[in-house]
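# Overview (structure and organization)
Residue-level listing of the chains:
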Amino acid sequence: MEQNNNFNSQLSTNYIYPIFDRMLGREDKEELLKQHSVMIWFTGLSGSGKSTIAIALERELHKRGLLCRILDGDNIRSGINNNLGFSEADRVENIRRIAEVSKLFIDSGIITIAAFISPNNDIREMAANIIGQDDFLEIYVSTPLAECEKRDVKGLYAKARKGEIKNFTGISAPFEAPEHPALELDTSKLSLEESVNRLLDLILPRVKR
């Protein structure tokens, strides 16, 4: 009985036990998948085309036999982050969790594609530091505000203009353009095919084994 009590006590005081040195590593997963993993992080205003490009890119990479995972507001806000709102603190926590989940995918050898407004350099730098700077490709979808607002598929800009949505990026909250993106895409000037082809030129040399 005393032995069990000591064991339970040890569990309660030291329940986080590192096992990373005994788990299969990233290299093993990449060898299995015959690819190198990387984080492709799309940033830009709402309506800029981030998710559209991400989906098209995933399809092209899939055609080439490369395993990908897209993370965006729909599958993150409805699941792992469904308890978060849109306060400044919650926005930071939203990106932090996304980055931590992305790191797990990257360590599993999976090409990970994230499409989030992530409106300032500090928040994107945090994500890059969690994931790893060498694995982080920042893609700036630089479609101008006027074009994004013209599209306004979800009617969000109209609501923001009326004051129905507070702290809306581009209207009542700022967006900081990336200082040194790996690639910049303006979907008011580039077609979807052109955007994806530029991405493939950037990504394929990094992910193919």
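Remember, predicted model here, so these are calculated numbers, not experimental data.

### Quick look at the sheet that holds strand β1 (residues 39-43)
In spatial order, the strands read β2-β3-β1-β4-β5; together these 5 strands make up an open sheet with parallel pairing. A single partner strand is all that each edge strand has here, and the edge strands are β2 (68-72) and β5 (183-185). Here the average twist between neighbouring strands, direction ignored, is 20 degrees. In terms of strand pairing, strand β4 (residues 136-141) meets β5 through 3 bridges, oriented parallel. The residue of β5 that forms the bridge with Ile139 is Leu183.

### A closer look at the pattern of salt bridges
Enumeration over the complete set of coordinates arrives at 12 salt bridges. The salt bridge involving Glu60 is made with Arg64; its shortest N-O contact spans 3.0 Å. Taking relative accessible area as the criterion, Glu60 reaches 22% and is therefore assigned partly exposed. The structure contains a network of salt bridges with shared partners spanning Arg26, Glu30 and Asp135.

### Let's talk about the pairing of β1
Of all the 5 residues making up β1, 5 are buried; the element is thus mostly covered by neighbouring parts of the structure. Where burial is concerned, the two faces of β1 agree: the one with Met39, Trp41 and Thr43 and the one with Ile40 and Phe42 are both buried. Direction of pairing for β1 relative to strand β3 (residues 111-115): parallel, over a ladder of 4 bridges. Considered in β3, the bridge of Ile40 is made with Ile113. Across 5 bridges, β1 lies against β4 in parallel orientation.

### Observations regarding a negative patch on the surface
Taken together, the side chains of Asp122, Glu125, Glu176 and Glu179 present a region of like negative charge at the surface. Relative to the helices and strands, Glu179 resides in the loop between α8 (156-161) and β5. In this structure Glu179 comes out as exposed when scored by relative accessible area, which is 59%.

### Overview of unusual backbone geometry
The phi dihedral of Lys34 falls on the positive side, at around 60 degrees, and the residue is not glycine. Tracing the sequence through the fold places Lys34 in the loop between α2 (26-33) and β1. Positive phi is not limited to glycine here, since Ser118 has a value of about 35 degrees. Here Ser118 shows up in the loop between β3 and α6 (121-131).

### Regarding the nonpolar core
If you look at the biggest cluster of nonpolar residues, it comprises 26 residues, and the most contacted ones within it are Ile40, Phe42, Leu57, Leu61, Ile111, Ile113 and Leu199. Elements that contribute at least two residues to this core include exactly β1, α3 (50-63), β2, β3, β4, β5 and α9 (192-207). Top contributing element to this core by residue count: α9, with 6 residues.

### Digging into the packing of helix α5 (residues 88-107) against α6
Remark: α5 packs on α6, axes separated minimally by 8 Å, with the N-to-C direction vectors making an angle of 25 degrees. The angle between α5 and α6 falls in the class roughly parallel. α5 and α6 meet at a crossing whose hand is right-handed. Within the contact between the two elements, α5 uses Arg91, Val92, Ile95, Arg96, Ala99, Glu100, Ser102, Lys103 and Ile106 and α6 uses Ile123, Met126, Ala127, Ile130 and Ile131. Of the residues belonging to the contact of α5 with α6, the class tally is 9 nonpolar, 1 polar and 4 charged.

The rules behind the values
- Residues numbered from 1 in each chain as written.
- Predicted model: local features only at pLDDT ≥ 70, side-chain atom pairs only at ≥ 80, totals over all residues.
- Heavy atoms only, no water.
- Pairing = 2+ DSSP bridges.
- Helix = DSSP H or I, 4+ residues; strand = E, 2+ residues; numbered from the N terminus.
- Axes fitted to C-alpha atoms, helices over the stretch in contact; angles between N-to-C directions.
- Salt bridge = Lys/Arg side-chain N within 4 Å of Asp/Glu carboxyl O.
- Buried < 20%, exposed > 50% of the residue type's maximum accessible area, 1.4 Å probe, protein only.
- Patch = residues over 30% accessible without salt bridge, like charges linked within 9 Å, V, L, I, M, F, W, Y side chains within 5 Å.
- Areas by Shrake-Rupley, 256 points an atom, 1.4 Å probe, with all protein chains shown as cover.
- Lys, Arg positive; Asp, Glu negative; His and termini not counted.
- Charge placed at Lys NZ, Arg CZ, Asp CG, Glu CD.
- Core = buried A, V, L, I, M, F, W, Y, C linked by side-chain atoms within 4.5 Å.
- Parallel < 35°, antiparallel > 145°, perpendicular 65-115°, else oblique.
- Left-handed = near helix turned anticlockwise from the far one by under 90°.
- Contact = heavy atoms within 4.5 Å.
- Nonpolar A, V, L, I, M, F, W, Y, C, P; charged D, E, K, R; others polar.

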